[in-house]
Every structure is written in structure tokens, then in C-alpha cells.
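Below, each chain spelled out in residue letters.
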Amino acid sequence: MLLIAASLTTTASAQIHLRDICRVKGQESNTLTGLGLVVGLKGTGDGNSKPTQRALAQMMKLHGNPVQQLPGNVDSVEELKNAKNVALVWVTATVPPEGRRQGDAIDCQVSAISAGSLEGGTLLPTPLLGPSGNQRIFAFAQGLLQLDNQTNLTTARIHRGGRLEVDFVNQYLTPEGTFTLVLDQNHSSFEIVQDITEQINSQASTQALKRGDRDVARAIGPVNIEIAVPDTYREDPVSFVAQILEMRIFNPQSRSKVVINERTETIVIGAEVQIGAVVLSHKNLVIEPQPGTPAAKFVELDTTNTPVARLKDLVDALNAIRLPTRDVIQIIKTLEASGKLHGQVVVQ
């Protein structure tokens, strides 16, 4: 068991690049999906599955070798029941946020639906559709499968196995000449958005960057900041976007957090997480430090003039008496439930 109590301190002069805590709206990745057939397996396919038989029958029909027809012009898939070297698979490919052009190749991921193994298989040409039920074909995927690892034989990848049929050019600039910065989840709040907006406007003002009579940046919520391209950059907005993302700002102070991973029994504690006055009783807990460790003790709190107690100090004391990590996690969760832990607890 491992307990990590991290205390990170920053000074007022600490600065970060704006690009490290936000993205430009419109620059998102796109996931393409499709159902395909893998052939060439060593008897580990799912040819006895009706969906696989129907897909194989359709593929054979497209290539001029239809299966037997039943009354009512219905395909008979009975003759395909022994196709053990074929499998129906789910294929995905992700177009990166920067976009790609028609003809570019991208990596593909292949996952078996019911086949026992995809080892040695080859994906037949498979159309990939767009998100949100869009039935337009955006790419085709095919090629020899490469297993991700030998312990999982039902997932594989195809290096540069997808070829785009359309351009993916993500639009970031509105017709009004503005773009939007979207803050990361861990840096989104009204306070941080306002702070960043003021810093952008301050730096833009020193460089005499204006858009008519309005400021360059405007906060429009706890997540988004609208940026107006200045008049001097109307013909070169890409250069201005790059300068904004490269801009150094004072490190915004996000909400104090405690992040707990119960599976690995890892705890990360922000230095500013505070706790109120409490009396703690947990099982048969007796604070009796081991030799060489800091003494841990309870002290009477003077509410009129007492330094604020930090959660890190409490955890250090519990760690000094070798309290199991799972018990420390339970204490932290109980403190949050009592309202005496002044910060956000994130349990993963």
C-alpha cells in the first residue's frame, strides 16, 4: 500500500502557458466507426453467429458470388454456418483535433464481437461512418491486424489502416472574427475565467491590441472565454491564435482538491485543503508514534486565533502511526460528509 501526500506550493510569479490549460473550440477529435469482417483466422472466428453469416453473405453478394436464394428473395446463410475463419468486428478510428485531408491514413482499432481470437486475421474493406448517427462514409479501413498484446487476443490495431475519403478541416473562427477558448475541467470556474480574461486584456492592452472599442477577451461562463481577433490581425488570424495560446499567464488557483484512487490506494492532497475543528474516532485508533517519527497529538483549538488546520497535517499524523491507507481514505470521505473538509474530494 502506498500513500502519497503531495504538497505543491506556487509563488505569485509562477507562470504557465495558456495552451496548457485550455483548447480552442472547434479543434476536437472525431471518432469514426464501422462494422467489418476479419478473415484468415485459425478457426477462432464466429461464423456460427447469424449476424456474421448475414454480413458475410452481403459481402459475397457485392463481389458477385451470392449465396443461395430462398423464396421471397431472401438470402440463405445456412451454407455459411461452418465459416470458422471469419469474424464480425467493431472498427474505430480517431481523426485528431488538428484535422486531416482526403487521402490521409490514420490508425484503426479493431475489437471482436464474439470471436475467440483475432490473431492472424485481416480486415476486409470496411466503411467508417461519422458520429451522431451520420450515415455518410468518411473513410475506409482495411489491412493486417496487429495484436495489442498477447494476453488479449480479441483487440487489435491496424497501423495507418484507415484512409479518409473527405477533408476534416475544423473551423475555429466565427463569421464575426472571434474564437473561443475552452478551459480544461480542472481549471474551469467563474473565478479562474475572470482572472484569465483580465490577464489577456491586460497584456493585449500593453501591445495596443484592440477590436474596435471592445476588449480582446470576454468571459462568457465558467468554461469559455471569447476572443476577438484584433483589427491588425484580421488577415492573419492563425498568427494571433498562436500568440494567445503561447501567452504566459499567472498560474490560476484552482479549487482545493483531494484525489483518491481506491483501486491503487493512492491519495493526492492539495496543499490548501483545510479541515475544521473535529473530534476524530476511528475503530480502536490510538495515536502512538513509532520511534523516530513526529509526535502526533490532539490540541485544544482556540477559535478566536488559531492557524487553519490542513488535511495534509492530519494525514501525516495518521501515516506516522502506520494507519492502513484504506482507513485513511475512509476518514477523508467521512470528513467530507461531515462538512468539515474544505475542498473537493474526487474518488476515482
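Going by the structure above, here's the rest.
Residues numbered from 1 in each chain as written. Predicted model: local features only at pLDDT ≥ 70, side-chain atom pairs only at ≥ 80, totals over all residues. Heavy atoms only, no water.

Undergrad: Can you walk me through the overall build of the protein chain in this structure?
TA: The helix and strand inventory of the protein chain stands at five helices and 21 strands. In the protein chain, which comprises 348 residues, the share counted as buried stands at 37%. The long-range share in the protein chain, meaning contacts at least 24 apart out of those at least 6 apart in sequence, stands at 71%. (Helix = DSSP H or I, 4+ residues; strand = E, 2+ residues; numbered from the N terminus. Buried < 20%, exposed > 50% of the residue type's maximum accessible area, 1.4 Å probe, protein only. Contact = heavy atoms within 4.5 Å.)

Undergrad: Would you take a moment to explain unusual backbone geometry for this structure?
TA: Outside of glycine, negative phi angles account for most residues, and trans bonds account for most peptide bonds. With a phi close to 55 degrees, Arg160 is a non-glycine residue in the positive phi region. Looking at the element boundaries, Arg160 is found in strand E11 (residues 152-164). Phi is positive for Glu265, close to 55 degrees, though the residue is something other than glycine. With respect to the secondary-structure elements, Glu265 resides in the loop between strand E16 (257-261) and strand E17 (266-269). By relative accessible area, Glu265 is classed as buried at 15%.

Undergrad: Is there a simple way to think about the environment of Val67 in this case?
TA: As for its position among the elements, Val67 is in the loop between helix H1 (50-62) and strand E4 (69-70). The buried category is assigned to Val67, whose relative accessible area is 5%.

Undergrad: Even after reading the chapter, I still don't get the sheet that holds E17, so can you show me in this structure?
TA: Where strands meet in a sheet, backbone hydrogen bonds hold them as pairs that are either parallel or antiparallel. A sheet is described by the order of its strands in space; here three strands give the open sequence E17-E16-E21, paired in mixed fashion. The strands lining the two open edges of the sheet, one partner per strand, are E17 and strand E21 (344-347). Mean inter-strand twist for the sheet, computed between neighbouring axes without regard to direction, equals 15 degrees. As judged from the four bridges shared by E16 and E21, these two strands associate in the parallel manner. Along E21, the bridge assignment pairs Ile260 with Val347. Helix-sheet contacts for helix H5 (residues 325-338) involve E16, E17 and E21, and the interaxial angle to E17 is about 45 degrees. (Pairing = 2+ DSSP bridges. Axes fitted to C-alpha atoms, helices over the stretch in contact; angles between N-to-C directions.)

Undergrad: Any chance you could explain the packing of helix H4 (residues 311-320) against H5 here in plain terms?
TA: Relative orientation and spacing of two packed helices are given, respectively, by the angle between their axes and the distance between those axes. H5 packs onto H4 with a crossing angle of 150 degrees between their chain directions and a minimal axis gap of 11 Å. Between H4 and H5, the interaxial angle falls into the category roughly antiparallel. At the point where H4 passes H5, the crossing takes the right-handed sense. Every residue of H5 that contacts H4 at Leu311, Leu314, Val315 and Leu318 is listed here: Val328, Ile331, Ile332 and Leu335. For the contact of H4 with H5, the class distribution of residues is eight nonpolar, no polar and no charged. (Parallel < 35°, antiparallel > 145°, perpendicular 65-115°, else oblique. Left-handed = near helix turned anticlockwise from the far one by under 90°. Nonpolar A, V, L, I, M, F, W, Y, C, P; charged D, E, K, R; others polar.)

Undergrad: I tried to follow the sheet that holds strand E12 (residues 178-183) on my own but got confused; where do I start?
TA: Overall, antiparallel pairing links the four strands, which are arranged E2-E12-E14-E13 in an open sheet. In this open sheet, the two edge strands, each paired with only one partner strand, are strand E2 (22-24) and strand E13 (217-219). Averaged over all pairs of adjacent strands, the angle between strand axes in this sheet comes to 25 degrees, irrespective of strand direction. In the sheet, E13 pairs with strand E14 (residues 224-228) via three bridges, with the strands oriented antiparallel.

Undergrad: Before we go on, may I ask you to explain the packing of aromatic side chains in this structure?
TA: Ring pairs (aromatic) are described by centroid distance and by the angle formed between their planes. Applying the stated criterion to the full structure yields three aromatic pairs. A ring pair is formed by Phe138 and Phe168, whose centres lie 5.6 Å apart and whose planes are at 45 degrees; its orientation type is tilted. Taken as a pair, Phe138 in strand E9 (residues 137-144) and Phe168 in the loop between E11 and E12 lie far apart in primary sequence, 30 residues in all. Judged by relative accessible area, which is 9%, Phe168 ranks as buried. Seen from their ring centres, Tyr233 and Phe240 are 5.4 Å apart, and the 45 degrees between their planes marks the pair as tilted. An identical accessibility class is assigned to Tyr233 and Phe240; each is buried. Taken together, the ring pairs connect Phe179, Tyr233 and Phe240 into an aromatic cluster. (Phe/Tyr/Trp six-rings, centres within 6.5 Å; stacked < 30°, edge-to-face > 60°.)

Undergrad: Just checking my understanding: could you explain the pattern of salt bridges for this structure?
TA: Opposite charge on two side chains lets them pair, provided their charged atoms get close. Per the stated rule, a full pass over the model turns up nine salt bridges. Among the ionic pairs, Arg310 bridges to Asp313, the shortest N-O distance being 3.1 Å. Overall, the relative accessible area of 38% leaves Asp313 in the partly exposed class. (Salt bridge = Lys/Arg side-chain N within 4 Å of Asp/Glu carboxyl O.)

Undergrad: What is the right way to look at H5 in this model?
TA: Side chains that are three or four residues apart share a direction in an α-helix, a result of its 3.6 residues per turn. A rise of 1.5 Å per residue sets the reference length of H5, with its 14 residues, at 20 Å; its end C-alpha atoms lie 20 Å apart and thus fit the reference within 8%. Taken together, the buried positions of H5 are occupied by Thr325, Asp327, Val328, Ile329, Ile331, Ile332 and Leu335. In this fold, the buried residues of H5 make contact with E16, E17, strand E18 (274-275), H4, strand E20 (341-342) and E21. Count one or two residues on from H5 and you reach Gly339, which has phi positive near 85 degrees. (Expected span 1.5 Å × (residues − 1).)

Undergrad: Teacher, can you tell me more about H1 here?
TA: With 13 residues, H1 should reach 18 Å at 1.5 Å per residue; the first-to-last C-alpha distance of 18 Å fits that figure. The complete set of buried residues in H1 reads Thr52, Gln53, Leu56, Ala57 and Met59. Down the axis of H1, the sector holding all buried residues measures 160 degrees, keeping them to one side. Those residues of H1 that are exposed and aimed more than 90 degrees away from the buried face are Arg54 and Leu62. Where the residues of H1 are buried, they touch strand E3 (30-39), strand E6 (86-95) and strand E8 (122-129). Phi for Gly64, located one or two positions after H1, is positive at around 80 degrees. (Arc of directions from axis to C-beta.)

By themselves, these figures tell us nothing about what the structure is for.
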